[in-house]
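Summary of the model geometry
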Amino acid sequence: MDESPLQKREQQPQNPPARKPYAEADIRASDADRDRVAEILGEALAEGRLDPEEHSERIDAVYRAKTVGALEPLVRDLPAVPGSAVPRPAPRDRSGGEYAGSDGEADNLVAVFSGASRKGRWRVGRRTNAFACFGGVELDLTEAVFEHREVRINTVSIFGGTDIKLPENVTLRCTGTGIFGGFDVDSHESADPDAPVVVITGLALFGGTSAKRRVGRRLKSWGRGRG
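Residues numbered from 1 in each chain as written. Predicted model: local features only at pLDDT ≥ 70, side-chain atom pairs only at ≥ 80, totals over all residues. Heavy atoms only, no water.

Here we take up the environment of Gly161. Structurally, Gly161 can be placed in strand β8 (residues 161-167). For the pair Gly161 and Gly181, spaced 20 residues apart in sequence, the C-alpha to C-alpha distance is 9.6 Å. If we skip the residues at most four places from it in the chain, Gly161 touches Ala132, Gly135, Gly136, Val137 and Gly208. (Helix = DSSP H or I, 4+ residues; strand = E, 2+ residues; numbered from the N terminus. Contact = heavy atoms within 4.5 Å.)

Here the focus is the sheet that holds strand β2 (residues 115-118). If you walk across this open sheet you meet the five strands as β2-β5-β8-β13-β11, and the pairing is parallel. Each edge of the sheet is formed by a strand with only one pairing partner; in this case those strands are β2 and β11 (182-185). Strand-to-strand twist of the sheet, defined as the mean angle between neighbouring strand axes without regard to direction, takes the value 5°. (Pairing = 2+ DSSP bridges. Axes fitted to C-alpha atoms, helices over the stretch in contact; angles between N-to-C directions.)

Let us look at helix α3 (residues 52-62). Every buried residue belonging to α3 is among His55, Ser56, Arg58, Ile59 and Val62, and all of these are buried. Summarising the contacts, the buried residues of α3 are in contact with α2 (31-46), α4 (68-71), β1 (107-112), β4 (127-133) and β7 (150-158). Two or three places before Glu54, at the opening of α3, Asp51 has a side-chain oxygen 2.7 Å from that residue's backbone nitrogen. (Buried < 20%, exposed > 50% of the residue type's maximum accessible area, 1.4 Å probe, protein only. Polar contact = N/O pair within 3.5 Å; in protein donor to acceptor, adjacent residues only side chain to side chain.)

Moving on to the environment of Val199. Structurally, Val199 is set in strand β12 (residues 197-205). A relative accessible area of 6% places Val199 in the buried class. The sequence separation of Val199 and Cys174 amounts to 25 residues, and the corresponding C-alpha distance is 5.6 Å. Setting aside anything within four residues of it in sequence, one finds Val199 in contact with Glu150, Val151, Arg152, Ile153, Arg173 and Thr175.

A word on the environment of Ile59. Secondary-structure assignment places Ile59 in helix α3. The exposure class of Ile59 is buried, given its relative accessible area of 4%. With 72 residues separating them in the primary sequence, Ile59 and Phe131 have C-alpha atoms 8.3 Å apart. Residues within four places of Ile59 in sequence aside, it is in contact with Ala38, Leu41 and Phe131.

Okay, structure coming up:
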């Protein structure tokens, strides 16, 4: 007995419903998204649109934000830095995996009228954020474990300071800005092309960031070949 057209349709596999796209505000924020918002807040502080207390509160919220939607209110009342008008998800890499440059949560150190430090044997992630306001942050990487080819340290020092110590055989670069403050960074290109690269960036406002290599303290090995 031949099957009826209705029975044939019922036996055919049904296509699954199309996945509803997430709203942009619900997309998980990447480190690059947070850095763009932190840049806008830094400019607003330098221009007097935010006082140090307001800036500190917003910076803390930036690095606790989980989604792009949580970042937008933090800069809604501020003019945009050229090229960073609205927080947008960072572009994905060609493999379709995580956002390019992301490696989980960044390591955040906050010192407000206090101090914070990382030293001894610790694992350095791709990104470390240091915020010092009327306080100080110490980052000692001379005994740290480097697992990535490039490490970025973003510092914001307001009436405070950030002191960074590094092994002598790493490449050290700086892209930071000082406003009534300064970046004292001992830039250096390692003779080893596979050596880790440490990039110091950020803002010093009535404060300072110091980054120097320690003579005699050398990395003996690291995750060569890793991204």
